[in-house]
Amino acid sequence: MRMVLVTGLSGAGKTQIIRVLEDIGFYCVDNLPPVMIPQFIKTCENSGEISETAVVVDTRGSIFLDGINEALDAVESAGVQTEILFLEATDSVIINRYKETRRTHPMEEKQMSLEECIAYERNVLQPIRDRASLIIDTSNMQTKELWRTVLSIYRPDESASAPTLSIMSFGFKKGVPQEADLVFDARFLPNPYYIPELKNQTGLDAAVYSYVMSFPEAEQFLDKLKELLLFVLPFYIREGNKYPCIAIGCTGGQHRSVSIARALGYMLGQSGYMVDVRHRELKR
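What you see is a predicted model, and the numbers here were worked out from it, not measured in a lab.

Thresholds applied
Chains are numbered independently. Their residues run from 1 in the order of the written sequence. With the structure being a predicted model, the display of local features is reserved for residues of pLDDT at least 70 and the display and counting of side-chain atom pairs for 80 or more, all residues being used for whole-chain, interface and lining totals. Each side-chain value is worked out from all heavy atoms of the structure, with water and hydrogens disregarded. For every residue, the accessible area obtained with a 1.4 Å probe (protein chains only) is divided by the maximum for its type, and the residue is called buried under 20%, exposed over 50%, and partly exposed between those limits. Helix and strand assignments follow DSSP, with helices taken as H or I runs no shorter than four residues and strands as E runs no shorter than two, numbered in order from the N terminus. A strand pair is defined by DSSP finding two or more bridges across the two strands. We define a salt bridge as a contact between a side-chain nitrogen of Lys or Arg and a carboxyl oxygen of Asp or Glu at a distance within 4 Å.

### Observations regarding the pairing of strand E4 (residues 81–88)
Then step 1. In terms of residue burial, E4 counts as a mostly covered element, since seven of its eight residues are buried.
Then step 2. Pairing analysis gives four bridges linking E4 to strand E5 (residues 134–137), with the strands arranged parallel. From the neighbouring strand, leucine 87 faces E5, where its bridge partner is isoleucine 136.

This is the structure we're talking about:
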């Protein structure tokens, strides 16, 4: 059994890392209290089907450090190959990321400024950082580079040959992504925006996704899109572009494009590609 403990500063990229690990076959759990790690590992071992796990532990819970060293000692003494991957970034980069996403830092409940939150969290995390097997500074890393780095560490035999696709949903109102190699328009599909109970949800919500995918033309579009991409992508890669960006747009980038990007990412992942699905207007 192999366990990768993913931790580090808030805003440093743990969500991206866990997505990569999940895509390459790790069984992943996010925000697991440390005290539950030994039992989780035992359950995975008893399943007989799980050999690699990844667990995200961070400061979102007040019990973050309670029993973390004891939990790690317990799984290591049980013969589990344990690795700690610690992510960090500079203060300025983390501040910019929080401004872009408008998320709340988990330490802000302590009535501190964002700068003070980051400094406090660095101090809290120092003991686990000292124990880390690997530390990655994501300050200057784009998503694709982070994916390639993780792949080279945990699947070195695959990293040289496995192409990574970036699939991005976006809204035409804010312009076509400059990094896009291929752009497809999902505005021909019925718009959930005009359904009152769906208007304020997004394609990440089950109700919106189910609504978009309920139309036969959505399924037909995906089938034809998959057929086209499986034909052209090898030629993009042959010409040196191992990380093509496929952009799916709708009017606002909230409903249809997000749903189609999700479905397309799954389909291409099933076809053997490494896939990074992002949603520009949702900042994730």
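That shown, we press on.
### Observations concerning the pattern of salt bridges
Then step 1. Evaluation of the coordinates by the stated rule reveals 11 salt bridges.
Then step 2. Across the pair arginine 131 and aspartate 73 runs a salt bridge, and its minimum N-O distance is 2.7 Å. In this pair, arginine 131 is assigned in the loop between helix H5 (114–130) and E5 and aspartate 73 in helix H3 (residues 68–77), connecting sequence segments 58 residues apart.
Then step 3. On the accessibility criterion, arginine 131 (26% relative accessible area) is partly exposed.
Then step 4. Exposure remark for aspartate 73: the relative accessible area of 40% places this residue in the partly exposed category.
Then step 5. Ionic pairing is found between glutamate 76 and arginine 131, a salt bridge with its closest N-O pair at 3.4 Å. A residue pair is termed long-range when its members are at least 10 positions apart, and glutamate 76 in helix H3 and arginine 131 in the loop between H5 and E5 qualify at 55 residues.
Then step 6. What makes glutamate 76 partly exposed here is its relative accessible area of 36%.

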